[in-house]
Protein chains: 2
Amino acid sequence: MNEHIRPVPLEKAYRLLTHGPTVLVSARHAGVDNVMAAAWACALDFAPPKLTVVLDKSTHTRGLVEASGQFVIQVPTVRLLQLTHEVGTRGRASEPGKLEVAGVELVRLGETGMPFVAGCSAWLACRLVPEPHNQQAYDLFIGEVTAAWADERVFKDGHWHFETAGTEWRSIHHVAGGHFYAIGEPMQARSEP
Amino acid sequence: MNEHIRPVPLEKAYRLLTHGPTVLVSARHAGVDNVMAAAWACALDFAPPKLTVVLDKSTHTRGLVEASGQFVIQVPTVRLLQLTHEVGTRGRASEPGKLEVAGVELVRLGETGMPFVAGCSAWLACRLVPEPHNQQAYDLFIGEVTAAWADERVFKDGHWHFETAGTEWRSIHHVAGGHFYAIGEPMQARSEP
């Protein structure tokens, strides 16, 4: 855990996901860790903060989420582009050394006991809100965010600072086949008179 | 409808949303149209393509979606930043002229009879997949995409072309309070040997 990681108040946690980044999903059960990439993750509520994430039945991480009832959603940066692609395309079932090959370093944050991926810009620790029908019919999982952190070099005082943080800190947004866009320039709409 | 709007094959429709843009949601019922903004929209499945969108109980558009069983998700561009902000903050119930004030032009696409917002980069016509528990407990709506279109000046042959299309075509990604980021530069992960 580096000195720049700061807690994010829960009422601001939705801001970590609202701009639609591709995320990493990590979970731990019975001493086994895994990490996968998910482009289909989305904020769901403000308070308490909730989110949705789609976890295909073929993924090993899904089993860890179901068994442990908790997971971490974290926001990778441009620096983690290749790592994100690799944990999104390699499978732990067929490749037990997946995390090492992809260069994943896991760290602790707080007292959750969950695995957090080092080098991300933000982390949301989630409690699974069980909804068996959604999980079975749609591969759709709901999490309630119980704690959140961000690296103050890019998210501080409740705001992203992509425009000043250096391009290596930008969030990445997958389209298909390893093709991503980094987030770009800030824009402010005019308030009403 | 302008000459640059082309159908998108359903198997490629997920690519219109996977990078996480803020969207506009439109619906029509009994001759009444409305449009709202939603940052919390997300792809859910490839084939048939499905998506989720969060529609707060306070929104007028939600009633139109529930009554008509269909809605459109469309991707606004930088040019529509202010329009997106205004349809996201004004309410039709208290301001019946909301769409005119915000400068919304509605057009037809295909034979759906649904209202499509002119000037967007992509449009997904959706059939509501009724899930009363999700709608009531989480404000979470599921749509099956029945047809999709994109403006070939920015999405063509199944790919976004933000890097060549001119910055006015970029998708916009809301954070909070009228503060958005435009999508940025393309990045390609290396494939495995």
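Residues numbered from 1 in each chain as written. Chains lettered and ligands numbered in written order. Predicted model: local features only at pLDDT ≥ 70, side-chain atom pairs only at ≥ 80, totals over all residues. Heavy atoms only, no water.

- As annotated in an unreviewed UniProt entry, chain A is Flavin reductase family protein from Massilia haematophila.
- As its UniProt record puts it under Sequence similarities (unreviewed entry), chain A is described as follows: "Belongs to the flavoredoxin family." (UniProt positions renumbered as here; feature names shortened; annotations may be inferred.)

1. Here we look at empty space enclosed by the protein
- Enumeration over the complete set of coordinates arrives at three cavities of 30 Å³ or more.
- Roughly 90 Å³ of internal volume is contained in the largest cavity.
- Forming the boundary of the largest cavity are 15 residues, of which Gly20(A), Ala41(A), Gly20(B), Ala41(B) and Cys42(B) lie nearest the centre.
- Sorting the residues of the lining of the largest cavity by element identifies strand E4 (41-46) of chain A together with strand E4 (41-46) of chain B as the ones contributing at least two each.
- Looking at the lining of the largest cavity, its residues break down into eleven nonpolar, four polar and no charged.
- Roughly 40 Å³ of internal volume is contained in the second largest cavity.
- Along its surface, the second largest cavity is lined by Ala13(B), Tyr14(B), Leu17(B), Ala43(B), Asp45(B), Pro49(B), Lys50(B), Leu51(B), Leu124(B) and Val145(B).
- When contributions to the lining of the second largest cavity are tallied by element, the ones reaching two or more residues are E4 and strand E5 (49-54) of chain B.
- With three residues, E5(B) is the single largest residue contributor to the lining of the second largest cavity.
- Its residues assigned to classes, the lining of the second largest cavity comprises eight nonpolar, no polar and two charged. (1 Å grid on protein atoms, 1.4 Å probe; cavity = no way out; pocket = protein on both sides within 12 Å on 5 of 7 lines; lining within 4 Å. Points joined across faces, edges and corners; volume = space filled by probe spheres on them. Helix = DSSP H or I, 4+ residues; strand = E, 2+ residues; numbered from the N terminus. Nonpolar A, V, L, I, M, F, W, Y, C, P; charged D, E, K, R; others polar.)

2. Here we look at the interface of chain A and chain B
- Between chain A and chain B, the residue contacts involve 53 residues of the former and 53 residues of the latter.
- For the pair chain A and chain B, the two sides together bury roughly 4,700 Å², of which 59% comes from carbon and sulfur.
- It is Trp40(A), Tyr181(A) and Met187(A) that lose the most area in chain A upon contact with chain B, and together they represent 18% of the buried surface on that side.
- For the pair chain A and chain B, the number of links is 31 residue pairs in polar contact (both at pLDDT 80 or more).
- Among the secondary structure elements, those contributing two or more residues to the side of chain A that touches chain B are E4, strand E5 (49-54), helix H2 (81-89), helix H4 (132-138), strand E10 (140-151), helix H5 (162-165), strand E13 (172-176) and strand E14 (179-188) of chain A.
- The dominant element in the side of chain A that touches chain B, judged by the number of residues it contributes, is E14(A), at ten residues.
- Of the residues that constitute the side of chain A that touches chain B, the class distribution is 26 nonpolar, 17 polar and ten charged. (Contact = heavy atoms within 4.5 Å. Buried area = accessible area lost by both parts, 1.4 Å probe. Polar contact = N/O pair within 3.5 Å; in protein donor to acceptor, adjacent residues only side chain to side chain.)

3. Considerations on the UniProt feature "domain: Flavin reductase like" (unreviewed entry) in chain A
- What UniProt calls "domain: Flavin reductase like" (unreviewed entry) maps, in this numbering, to residues 15-162 of chain A.
- Strand forms 41% of residues 15-162 of chain A and helix 21%; the C-alpha atoms that close the span are 13 Å apart.

4. Description of the relation of the copies chain A and chain B
- With an axial shift of 0.0 Å and an RMSD of 0.0 Å, the rotation relating chain A to chain B amounts to 180°. Classification of the inter-copy transformation places it as that of a two-fold axis.
- In this assembly, 100% of the residues forming the interface of chain A have copies in chain B that are likewise at the interface, indicating an isologous arrangement. (Least-squares fit on C-alpha atoms with pLDDT ≥ 70 in both.)

5. Side note on the nonpolar core
- With 94 residues, the main nonpolar core has Phe71(A), Ile73(A), Trp160(A), Phe71(B), Ile73(B) and Trp160(B) as its most contacted residues.
- Val35(B), Ala102(B), Leu109(B) and Trp123(B) belong to the second-largest nonpolar core, a separate cluster that totals 21 residues. (Core = buried A, V, L, I, M, F, W, Y, C linked by side-chain atoms within 4.5 Å. Buried < 20%, exposed > 50% of the residue type's maximum accessible area, 1.4 Å probe, protein only.)

6. Structural notes on the pattern of salt bridges
- Scanning all chains against the criterion turns up 22 salt bridges over all chains.
- Note that Asp33(B) and Arg28(B) form a salt bridge whose closest N and O atoms lie 2.5 Å from each other.
- Judged by relative accessible area, which is 16%, Asp33(B) ranks as buried.
- The partly exposed category is assigned to Arg28(B), whose relative accessible area is 28%.
- Through salt bridges with shared partners, a single ionic network connects Lys57(A), Arg62(A), Glu66(A) and Asp139(A). (Salt bridge = Lys/Arg side-chain N within 4 Å of Asp/Glu carboxyl O.)

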